[in-house]
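A look at the structure
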Amino acid sequence: MPQAGSVDVAIVGAGIIGLATAVALLDAGRRVLLIDPDGIARGTSSGNAGGLAYSDILPLASKGMLSKVPGWLADPLGPLSIPPSYLPRIAPWLLRFWRAGLADRREAAIAAQAALMQLASTEMQALIARAGLAGMVHEDGVLELYESEQELTASLPGWDARERHGIGFEHVRGARLAELQPGLSPRLVAGTFVPSWHSVDDPYRFAATIGEHATARGAELLQQRVTGLRPVEQGVELQLADSSQRLARQVVVAAGAWSKTLTAPLGDAVPLETERGYNTTLPAGSFDLRRQLTFGGHGFVISKLASGIRVGGAVELGGLELPPNYARADAMLQKAARFLPGLTTEGGTQWMGYRPSLPDSLPVIGASRATPDIVYAFGHGHLGLTQSAATGRLVQQLLARQRPAIDLSPFSPQRF
């Protein structure tokens, strides 16, 4: 088979994780080849809600979340959906998800996520400065909203956990709630404002600009699909979809929801699942949105972007092969209109993307069982944008055989 010249570090995946990793490696003097069939930031990184969610340290399998799951599953257009035909396949993942909600595991996951978030904030600030992204970032916080005092009370243990890890917030009602976001429905009786939450005004442009920064510094892009990895004496052989191979000294797997097809043959059966997330982006001016709004009881958010108002979220655990069900996006838009009576819902663009999700809500960051020259960086779920710069720094340290900035044992690919 034909084999092109060898490269220093090949990164499989040119989404936000791969791009931030490329910049970290370039900073360390490494030569980088990005490999992605769709090009730079053309997948899930282009359609997220745009939040730099440094306060989001609770695992999805928290006590409050688990109590809501049965009701959500009963609604085919609710915040969580699993197609019946997919249930047998996902059952082992769901069992692990339930176990992740047990008290001792939940507290360990919160501590690990908090450590990663502290690094995420520092590293993202540095990446924003290096890539000239400051004009795309807004420090306007997030407002989580509740339909009853009981719903707020149920959320308090989670806020107590955040407070233990130094995250500031403010529970608000009445005039203060209306000041933070005018035009809310009266059915929303309280909220929690988190000022440390930042947002980007265009997730695609943000990621693409990081890609432009990387390529301007010498990173190369190969639009191909990697079908396999094989450790060899000289490094790692990458097998490509066109039947050619590339040889790399080291490899980073940052292919998001597609990563497990590469890791399983290497001996790492990571329980990676696909959250199919939906959104609708409405034209600018559809509502006077002051900051990102979160509706935890309904599993969606509303974000202010340069391109308009994005209503998105919900979880459909259905793998990579089923066709999109945009009725889920319609259902979220209808709910958004009830909570924001002045919202104009016409003229929107719908989208569906694949979030790579692990049952304990922690990403995989660590070396392959097969060789330390293959490092994994995937499974960030809803937090890929937030944790991208931190992940890039940790991957750079792992490849250089340096001590990582934080304890990586909670993120080990072999923890399962």
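Reading the values: rules and limits
- Residues numbered from 1 in each chain as written.
- Predicted model: local features only at pLDDT ≥ 70, side-chain atom pairs only at ≥ 80, totals over all residues.
- Heavy atoms only, no water.
- Helix = DSSP H or I, 4+ residues; strand = E, 2+ residues; numbered from the N terminus.
- Expected span 1.5 Å × (residues − 1).
- Buried < 20%, exposed > 50% of the residue type's maximum accessible area, 1.4 Å probe, protein only.
- Salt bridge = Lys/Arg side-chain N within 4 Å of Asp/Glu carboxyl O.
- Patch = residues over 30% accessible without salt bridge, like charges linked within 9 Å, V, L, I, M, F, W, Y side chains within 5 Å.
- Areas by Shrake-Rupley, 256 points an atom, 1.4 Å probe, with all protein chains shown as cover.
- Phe/Tyr/Trp six-rings, centres within 6.5 Å; stacked < 30°, edge-to-face > 60°.
- Axes fitted to C-alpha atoms, helices over the stretch in contact; angles between N-to-C directions.
- Parallel < 35°, antiparallel > 145°, perpendicular 65-115°, else oblique.
- Contact = heavy atoms within 4.5 Å.
- Nonpolar A, V, L, I, M, F, W, Y, C, P; charged D, E, K, R; others polar.
- Pairing = 2+ DSSP bridges.
- Polar contact = N/O pair within 3.5 Å; in protein donor to acceptor, adjacent residues only side chain to side chain.
- Left-handed = near helix turned anticlockwise from the far one by under 90°.

**Thoughts on helix α9 (residues 327-339)**
Since one α-helical turn is 3.6 residues long, residues separated by three or four positions face the same way. Here α9 contains 13 residues, and its C-alpha end-to-end distance of 19 Å stays within 8% of the 18 Å for a straight helix at 1.5 Å per residue. Among all positions of α9, only Arg328, Ala329, Ala331, Met332, Leu333, Lys335, Ala336 and Phe339 are buried.

**Points about the pattern of salt bridges**
Within this structure, the stated rule accounts for 19 salt bridges. Between Arg393 and Asp27 there is a salt bridge, with its nearest N and O atoms 3.8 Å apart. Linking Arg393 in helix α10 (residues 384-399) with Asp27 in helix α1 (residues 16-27), this pair joins segments that are 366 residues apart in sequence. Residues Arg369 and Asp268 are paired through a salt bridge, measuring 3.5 Å at the closest nitrogen-oxygen approach. One end of the pair, Arg369, is in the loop between β19 (364-367) and β20 (374-378); the other, Asp268, is in the loop between α8 (260-263) and β14 (273-283), with 101 residues separating them in the sequence. When its relative accessible area of 1% is taken as the criterion, Asp268 is described as buried. Overlapping salt bridges, with partners in common, bring together Asp27, Glu123, Arg130, Arg217 and Arg393 in one network.

**Some words on a nonpolar patch on the surface**
Side chains of Leu95, Trp98 and Leu102 sit close together on the surface and give an oily, nonpolar patch of about 290 Å² of accessible area. Structurally, the position occupied by Leu95 is in helix α3 (residues 87-100). Exposure remark for Leu95: the relative accessible area of 41% places this residue in the partly exposed category.

**Some remarks on the packing of aromatic side chains**
Applying the stated criterion to the full structure yields 8 aromatic pairs. Their ring planes at 85° and their centres at 5.9 Å tell us that Tyr278 and Tyr326 sit as a pair that is edge-to-face. Taken as a pair, Tyr278 in strand β14 and Tyr326 in the loop between β17 (308-317) and α9 lie far apart in primary sequence, 48 residues in all. Under the relative-accessibility criterion, Tyr326 is labelled partly exposed at 30%. Taking 4.9 Å as the distance between ring centres and 20° as the angle between the ring planes, the aromatic pair formed by Phe295 and Phe339 counts as stacked. Placement of the pair is Phe295 in strand β15 (residues 292-295) and Phe339 in helix α9, with a sequence separation of 44 residues. Both residues of the pair, Phe295 and Phe339, count as buried.

**Considering the packing of helix α4 (residues 103-131) against α10**
Orientation of α4 relative to α10, taken along the N-to-C sense of each, is 90°, at an axis distance of 7 Å. Between α4 and α10, the interaxial angle falls into the category roughly perpendicular. In this structure, α4 uses Gln113, Leu116, Met117, Leu119, Ala120, Glu123, Met124, Leu127 and Arg130 to contact α10, whose residues at the interface are Leu385, Thr386, Gln387, Ser388, Ala389, Ala390, Arg393 and Leu394. Looking at side-chain class alone, the contact of α4 with α10 contains 10 nonpolar, 4 polar and 3 charged residues.

**Observations regarding the pairing of β17**
Taken across its 10 residues, β17 has 10 buried, putting it largely inside the fold. Sheet topology note: the strand β4 (residues 80-81)/β17 ladder contains 2 bridges and is parallel. Each bridged residue has a counterpart across the sheet, and for Leu80 the counterpart in β17 is Val315. When β14 meets β17, the two strands line up antiparallel, connected through 8 bridges.

**Observations concerning helix α7 (residues 203-216)**
An ideal rise of 1.5 Å per residue puts 20 Å on 14 residues; α7 measures up with 20 Å between its terminal C-alpha atoms. Listed in full, the buried residues belonging to α7 are Pro203, Phe206, Ala207, Ala208, Thr209, Ile210, Gly211, His213 and Ala214. Of the residues that open α7, the one with a side-chain oxygen 3.1 Å from the backbone nitrogen of Tyr204 is Asp202. Two residues or fewer past α7, Gly218 is found with a positive phi of approximately 115°.

**So, the packing of α4 against α7**
In the contact formed by α4 and α7, the axes pass within 10 Å of each other and the chain directions differ by 65°. With respect to α7, the axis of α4 lies roughly perpendicular. α4 and α7 meet at a crossing whose hand is left-handed. Contacts from Met124, Leu127, Ile128, Arg130 and Ala131 in α4 reach Phe206, Thr209, Ile210 and His213 in α7. Here the residues of the contact of α4 with α7 sort into 6 nonpolar, 2 polar and 1 charged.

**So, unusual backbone geometry**
Positive phi outside glycine occurs at Ser243, with the angle close to 75°. Looking at the secondary structure, you find Ser243 in the loop between β12 (235-240) and β13 (245-253). What makes Ser243 partly exposed here is its relative accessible area of 42%. We note that Ser361 has phi near 65°; this positive angle belongs to a residue other than glycine. Of note, Ser361 is situated in the loop between β18 (349-357) and β19.

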